[in-house]
Amino acid sequence: MKSIRWKLVFLYLSLVFIVMILTGTVLVISTENREKSKASEELRQYAIYIEEQVVDQYDSRYFQDSLANLSFISSSQRTISGHILDSDGNTIASSTAANSEEFPRFTNSGIISALSGQEAFTDNIRITDSNGQTAKVMGYSYPCKGEDGRVEYVAYVQMAADAIDTTIAQTTRSIVVASVLALIFTAIIGFIFANTITSPIAVLTKKADMMAKGRLEQRAVVKSNDEIGQLTKSFNTMARELKKSLGEVVDQRNKLEIVLHNMTDGILAFDERGNLIHINKSSYEMLDIDDVNISLKWLLNKLNVSVSDIQPNSIMDLTINENDKYISVALIPYAIKSKTNGMIAVLHDITKQSQLNNMRQEFVANVSHEIGTPLTTIKGYAELLLDGAIDDKSVAMDFLREINVAADRMKLLRDDLLDLSRFDTKVNKLNRTEADLVEIVKGCCRQNVIVAENKNQSILFTPPDKEMPIYADVGRVNQVITNIMSNAMKYSDEGAVIKININEKKNSYHLEIEDNGIGMPKEALNRIFERFYRVDKARSRAMGGNGLGLAIAKEIMDAHGGRIEVYSEQGVGTTMVLIFPKSRAIHE
Ligand code: ADP
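Being a predicted model, the structure only gives us computed values, none of them experimental.

Caption draft 1: Quick peek at the site of the ligand. Among the 21 residues in the neighbourhood of the ligand, the closest are listed as N487, Y491, D515, S540 and L550. At 2.9 Å from an oxygen atom of the ligand is found a side-chain nitrogen or oxygen belonging to Y491. Between the ligand and V535 there is a distance of 3.0 Å, counted from an oxygen atom to a backbone nitrogen or oxygen. Contact with the protein chains covers 98% of the free accessible surface of the ligand, which is 530 Å². One can see that the ligand is located within the largest pocket. By residue number, the principal contributor to the shell around the ligand is helix α11 (residues 474–490), which donates 4 residues. Looking at the shell around the ligand residue by residue, the class counts come to 8 nonpolar, 9 polar and 4 charged.

Laid out in structure tokens, this is it:
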């Protein structure tokens, strides 16, 4: 019996059953007692009647006749028989017999006590008639005393007891019927009542189950103000509070999730078993991973450290260097209630920093190297002069010329470095005006024609017969074109032809400077604009180059909103294309 409903119904039924049994028993017993005392009183009246009408009136010889004249009908129409017994207990007169041979004999305890002077009522006497049928009778024995107080006769009255049994049986039947009806009503009422208690509980249970499955919007209808009603109210309050608290928790978690997800630093969290419990977008990008099974072991493997290397209370800083990327990793053990629970890894992309560091180191080394050569020259010739070469005027003049050239190189280097540094710090300002590119190129050709002729080279430029206006710092543009032209001449053999062309595009002018010189290997093409980069260092130096010309040219073109493109094949030649935005395109 699992349901409270059935338990309650069973309880009510048991209670009603017990009450009915007890009341029934009391009722039956009291009915029986009442009936018996009524019968006893009636029988006693008859016994006194016999004494008064027969024993006290007549001689014993006439007892039989006198007794026969008496009427023995009980109030309940039951047949009563009257008998007179002598002091020995023998029947000497009987209303049920005609002569002494038929007189019945009575030997019950009531008669014995009457013979000793005590009237007595006896029930439950069993008699067997001549047909062998047994019956239950009640008798009243009344002692008739003489003047001396001795018992002379006993007036004995007897009546069938079945009437009482019938009454009791009727009472019992009524009680049983009442009990059955009471039990049926109790079952129905009990069921309805139990339902009023259990159905709200069932509703609450169902709603609580749904809440447990995550549907927190559950509310129950309060139908009463009793304990069940209070419970329902408390449930509703609890559901509301739970939803609110959970909402706040989810809100917090979402905020944290958004912050972690959008952080530029990578965050990975592992539980105490080393299983991944959180990873953000940046971590995937930094570690170049998709869906690999990431665990603490996997990360430690990548970092080349073992679990035993990790100190429980200290942060470990490591670096991953893969695919030209530098990722710094901080391993932070976290603890809850002083028990180490897991590990958080914070990833930071330090590629740019590392590259900058490398570049800085490279730059310092390059500058030192570039200064080193002219410095050695200056120092060497100065020492020779001090050692006496100064006395030979023509030698001294040669040495001083060399020192002058070296100093010029150093000055050029310093100027170029300063220029670049001003571009870096945006100090260099362009003095832009409307100018004609064709005219600028013509000027450059004129300036370089002597240099070309010195090397037996020629510059071939057929100027277009229209103006090509650009909005530019003429001096700077001149500097770029001259640099490219002088490179074309420097890296081409004697007799080479430098071809110059300007092509008009929709929004720009493409100035092509083509040589058929030594050209460059493919891998150099991306690097020639780096500071100090030179394909052939010795040749460049021998030509007085310091590897900064194209870097400055690129800065100037960038500042004009243009760009430089390079097409080159080793041994075939190089074409440098300077792309200038049209003046109109800038002003629109
Ligand atoms: P440099 O002072 O060495 O010429 P640049 O920055 O002007 O420095 O050029 C960088 C490098 O690019 C040169 O050292 C050279 O190796 C290569 N280079 C530039 N122009 C040409 C060209 N026209 N032909 C072949 N190589 C060139």
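Caption draft 2: Expanded view of helix α8 (residues 351–386). A rise of 1.5 Å per residue sets the reference length of α8, with its 36 residues, at 52 Å; its end C-alpha atoms lie 51 Å apart and thus fit the reference within 8%. The axis of α8 is deflected most strongly, by about 30 degrees, at G372, and proline P374 appears within four residues downstream. Looking only at α8, the buried set comprises T351, S354, N366, V367, E370, P374 and L385.

Caption draft 3: Inspection of a nonpolar patch on the surface at higher detail. A surface patch of nonpolar side chains, about 830 Å² in accessible area, is lined by V176, V177, V180, L181, I184, F185, I188, I189 and I192. Mapped onto the secondary structure, V176 falls in helix α4 (residues 162–212).

Caption draft 4: Representation of helix α7 (residues 296–303) within the structure. Within α7 the residues assigned to the buried category are L296, L299, L300 and L303. End-on view of α7: buried residues confined to an arc of 100 degrees, all on one side of the axis. More than 90 degrees from the buried face of α7, the exposed residues found are K297 and N301. Just downstream of α7, N304 is the residue with a positive phi angle, here 60 degrees.

Caption draft 5: Local environment of the state of the cysteines. Counted under the stated rule, the structure contains 0 disulfides. As a non-bridged cysteine, C444 has C445 as the owner of its nearest cysteine sulfur, 6.9 Å distant.

Caption draft 6: Representation of the layout of surface pockets within the structure. Estimates place the volume of the largest pocket at around 820 Å³. Around the largest pocket, the lining comprises 37 residues; the ones closest to its centre are N483, N487, K490, Y491 and L550. Broken down by element, the lining of the largest pocket gets its largest block of residues, 8 residues, from α11. Residue composition of the lining of the largest pocket, by class: 19 nonpolar, 13 polar and 5 charged. Estimates place the volume of the second largest pocket at around 570 Å³. Contributing to the lining of the second largest pocket are 18 residues, with M359, R360, E362, F363 and R531 lying nearest its centre.

Caption draft 7: Spatial organisation of the sheet that holds strand β1 (residues 80–86). What the 5 strands build is an open sheet, ordered β2-β1-β5-β4-β3; its pairing is antiparallel. Across the chains shown, the open sheet's two edge strands, defined by having one partner strand only, are β2 (91–94) and β3 (120–128). Strand-to-strand, the axes of this sheet are offset by a mean angle of 30 degrees, without reference to chain direction. As judged from the 7 bridges shared by β1 and strand β5 (residues 151–160), these two strands associate in the antiparallel manner. Looking across to β5, one finds that D86 is bridged to Y153. Strands β1, β3, β4 (134–145) and β5 of the sheet are contacted by helix α1 (residues 4–55), whose axis makes an angle of about 45 degrees with β4.

Caption draft 8: Broad picture of the packing of aromatic side chains. Counted under the stated rule, the structure contains 8 aromatic pairs. Relative to Y140, the ring of F121 has its centre 6.4 Å away and its plane inclined at 40 degrees; by these criteria the two rings are tilted. Here Y140 lies in strand β4 and F121 lies in strand β3, a separation of 19 residues in the sequence. Accessibility expressed as a relative area gives 27% for F121, which makes it partly exposed. Taking relative accessible area as the criterion, Y140 reaches 6% and is therefore assigned buried.

Cut-offs applied
Residues numbered from 1 in each chain as written. Predicted model: local features only at pLDDT ≥ 70, side-chain atom pairs only at ≥ 80, totals over all residues. Heavy atoms only, no water. Near = heavy atom within 4 Å. Polar contact = N/O pair within 3.5 Å; in protein donor to acceptor, adjacent residues only side chain to side chain. Areas by Shrake-Rupley, 256 points an atom, 1.4 Å probe, with all protein chains shown as cover. 1 Å grid on protein atoms, 1.4 Å probe; cavity = no way out; pocket = protein on both sides within 12 Å on 5 of 7 lines; lining within 4 Å. Sits in = over half its atoms within 2 Å of the grid points. Helix = DSSP H or I, 4+ residues; strand = E, 2+ residues; numbered from the N terminus. Nonpolar A, V, L, I, M, F, W, Y, C, P; charged D, E, K, R; others polar. Expected span 1.5 Å × (residues − 1). Bend = angle between axes of the 7 residues up to and from the residue. Buried < 20%, exposed > 50% of the residue type's maximum accessible area, 1.4 Å probe, protein only. Patch = residues over 30% accessible without salt bridge, like charges linked within 9 Å, V, L, I, M, F, W, Y side chains within 5 Å. Salt bridge = Lys/Arg side-chain N within 4 Å of Asp/Glu carboxyl O. Arc of directions from axis to C-beta. Disulfide = S-S within 2.5 Å. Points joined across faces, edges and corners; volume = space filled by probe spheres on them. Pairing = 2+ DSSP bridges. Axes fitted to C-alpha atoms, helices over the stretch in contact; angles between N-to-C directions. Contact = heavy atoms within 4.5 Å. Phe/Tyr/Trp six-rings, centres within 6.5 Å; stacked < 30°, edge-to-face > 60°.

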